[in-house]
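Notes for the structure review
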Amino acid sequence: MIPIPHKTKQFLVLLIKVLIVGGAFYFIYNQLANNDKLDWQKFIVLFQKNQSIGPIAFILFLSVLNRFFEILKWQNLASIVKPITAAEATKQVLAAQTAGIFTPNGIGEYAGKALFFDKSETKKVIFLNLICNEIQMILTVFIGIVGLLYFNTQFQVIMTKTVTILFAILTLAFIVLFSVKKVKIKGYSIEKLLHKINEIPKQIHQKNSCLGVCRYLVFSHQYYFLFLVFDVDLPYLLVMSAITSVYFIASSIPTFQFLDFAVKGSVAVYFFGILGVNEWIVIFISTLMWFLNVVLPAIIGSYYVLNFQILIPSVFDGEREATL
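An unreviewed UniProt entry lists the protein chain under the name Lysylphosphatidylglycerol synthase TM region, with Flavobacterium omnivorum as the source organism.

1. Describing the overall build of the protein chain
The helix and strand inventory of the protein chain stands at 12 helices and 0 strands. When the elements of the protein chain are put in sequence order from the N terminus, they spell out α-α-α-α-α-α-α-α-α-α-α-α. Out of the 324 residues belonging to the protein chain, those deemed buried represent 41%. Sequence separation of 24 or more characterises 74% of the internal contacts of the protein chain that already satisfy a separation of 6 or more.

2. Things to note about the UniProt feature "transmembrane region" (unreviewed entry) in the protein chain
Taking the numbering used here, the UniProt-annotated feature "transmembrane region" (unreviewed entry) corresponds to residues 12–32, 52–69, 126–151, 157–180, 268–292 and 298–316. The distance separating the terminal C-alpha atoms of residues 126–151 is 36 Å; by composition the span is 100% helix and 0% strand. Secondary structure over residues 268–292 splits into 84% helix and 0% strand, and the C-alpha atoms at its two ends are 17 Å apart.

3. Considerations on the pattern of salt bridges
This model, assessed by the stated rule, comprises 4 salt bridges. With its nearest N and O atoms 3.6 Å apart, the salt bridge here joins Lys91 to Glu88. Of this pair, Lys91 and Glu88 both sit in helix α4 (residues 86–100), 3 residues apart, which is roughly one turn of the helix. A relative accessible area of 25% means that Glu88 is categorised as partly exposed. The salt bridge partner of Lys113 is Glu109, with a shortest N-O separation of 3.3 Å. Taken as a pair, Lys113 and Glu109 lie in helix α5 (residues 107–114) at a separation of 4 residues, close to a single helical turn.

4. Some points on a nonpolar patch on the surface
Nonpolar side chains collect at one region of the surface, where Leu149, Phe167 and Leu170 lie side by side and expose about 250 Å² of accessible area between them. With respect to the secondary-structure elements, Phe167 resides in helix α7 (residues 160–179). Residue classification places Phe167 among the partly exposed positions, given a relative accessible area of 39%.

5. Points about the confidence of the model for the protein chain
When pLDDT is averaged along the protein chain, the result is 77, and 68% of the positions lie at 70 or above. Per-element mean pLDDT across the protein chain ranges from 57 in helix α1 (residues 6–33) up to 93 in helix α9 (residues 202–229). Overall, residues 311–324 carries pLDDT values under 50, and its contacts beyond four positions in sequence, including any with other chains, amount to 36 contacts.

6. Regarding the nonpolar core
In this structure, Tyr223, Phe227, Ile243, Phe272, Val277 and Ile285 are the most contacted members of the largest nonpolar core, which totals 33 residues. Secondary-structure elements contributing two or more residues to this core are α6 (122–154), α9, α10 (236–251), α11 (260–274) and α12 (279–306). In terms of residues, this core owes the most to one element, α10, which gives 8 residues. Beyond its immediate chain neighbours, meaning those up to four positions away, Val277 contacts Phe227, Val232, Leu234, Phe272 and Val282. Counting residues in each nonpolar core, the second largest holds 20 residues, with Ile71, Leu77, Ile84 and Ile204 among its members.

7. Things to note about α5
Extensive coverage of α5 is indicated by the burial of 6 of its 8 residues. Taken together, the buried positions of α5 are Gly108, Glu109, Tyr110, Gly112, Lys113 and Ala114. Check the buried side of α5 and you find it contacts α3 (53–78), α4 and α6.

8. A closer look at the environment of Phe116
Take Phe116: it is sitting in the loop between α5 and α6. The class of Phe116 is buried, set by a relative accessible area of 12%. C-alpha separation for the pair Phe116 and Ala89, spaced 27 residues apart in sequence, amounts to 9.9 Å.

9. What about unusual backbone geometry?
Peptide bonds are, in most cases, trans, and in most cases residues other than glycine have a negative phi. Non-glycine residue Asp231 carries a positive phi angle of around 60°. Inspection of the secondary structure puts Asp231 in the loop between α9 and α10.

10. Here's the deal with the packing of aromatic side chains
According to the stated counting rule, one finds 16 aromatic pairs in the structure shown. Relative to Phe69, the ring of Phe68 has its centre 6.2 Å away and its plane inclined at 50°; by these criteria the two rings are tilted. Their ring planes at 85° and their centres at 5.4 Å tell us that Tyr270 and Phe271 sit as a pair that is edge-to-face. When its relative accessible area of 3% is taken as the criterion, Phe271 is described as buried.

11. Focus on the state of the cysteines
This model, assessed by the stated rule, comprises 0 disulfides. You can see Cys210 has no disulfide; the closest cysteine sulfur is in Cys214, sitting 6.8 Å from it. On the basis of relative accessible area, Cys210 is assigned to the exposed category, the value being 51%.

12. Some details on the environment of Val277
You can see Val277 is positioned in the loop between α11 and α12. Of the residues examined, Val277 reaches a relative accessible area of 11% and is grouped as buried. Taking the C-alpha atoms as reference points, Val277 and Val232, 45 residues apart in sequence, are found 7.3 Å from one another.

Analysis parameters
- Residues numbered from 1 in each chain as written.
- Predicted model: local features only at pLDDT ≥ 70, side-chain atom pairs only at ≥ 80, totals over all residues.
- Heavy atoms only, no water.
- Helix = DSSP H or I, 4+ residues; strand = E, 2+ residues; numbered from the N terminus.
- Buried < 20%, exposed > 50% of the residue type's maximum accessible area, 1.4 Å probe, protein only.
- Contact = heavy atoms within 4.5 Å.
- UniProt positions renumbered as here; feature names shortened; annotations may be inferred.
- Salt bridge = Lys/Arg side-chain N within 4 Å of Asp/Glu carboxyl O.
- Patch = residues over 30% accessible without salt bridge, like charges linked within 9 Å, V, L, I, M, F, W, Y side chains within 5 Å.
- Areas by Shrake-Rupley, 256 points an atom, 1.4 Å probe, with all protein chains shown as cover.
- pLDDT = per-residue confidence, 0-100.
- Core = buried A, V, L, I, M, F, W, Y, C linked by side-chain atoms within 4.5 Å.
- Phe/Tyr/Trp six-rings, centres within 6.5 Å; stacked < 30°, edge-to-face > 60°.
- Disulfide = S-S within 2.5 Å.

Pasting the structure below:
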């Protein structure tokens, strides 16, 4: 067995932290600096025209509220493993946000949260994080379908025949899934997954769902209020149906969190283009939503990543802990 010097372990820990934080900051800078669709001159002119502190403070407050509901969701679910304070949940959520920003569909977020718990609880923590995220996905899909159907009644973007075919496919997919729920793949099955979900107390599920609804209402209305700030005056229901449709369609496309605004921006350009909104306004609002709800939490989370005590198992000398 070849022992690894303590200083070498410290260097490896520091390197891991710097790579995570450096990667996050690089991808953020790259997207903001090299996006030729962002006309910063127009944004500065509009900002100078509407530089009232009230609207800016309100938009920032909604970002804080959005992340706060996510923190409460995680605190609620993590209590199944062990009770944690709101401060501890904040640390875990923000650090995981930093780790997940440059991984496909935020996969790094799962590993980021698992690091705060004992190794024996890793699978359970990852499963709970999946539950935390999936309730948000279910709400996005359900509300998004309703919004898309309403938008479709005003502007027929999808033919009635196409809607019927899509619902038929979804219905068939559910029937197939539940008819083969006992079929196991590498020891896992839908039946086993449902059993694991049912093991979680109903109160936890109910609180998770309520917090998920609150969070959805916050970030969707933040999107709406940003359109008001940019002087877009359209009927409330029409704008909200477009917003919910954008989130629904964008969430169906696998992507990286650092590309999230580009995906949502592209979909939003299509829907709001139908409503006659200028493309640059839509792109700027999508970018601001991404900056306020993804970038800022990731920047704050980088502090927790750099100060996190990482445990590294050693195959050389049997020692487990390497901290910095």
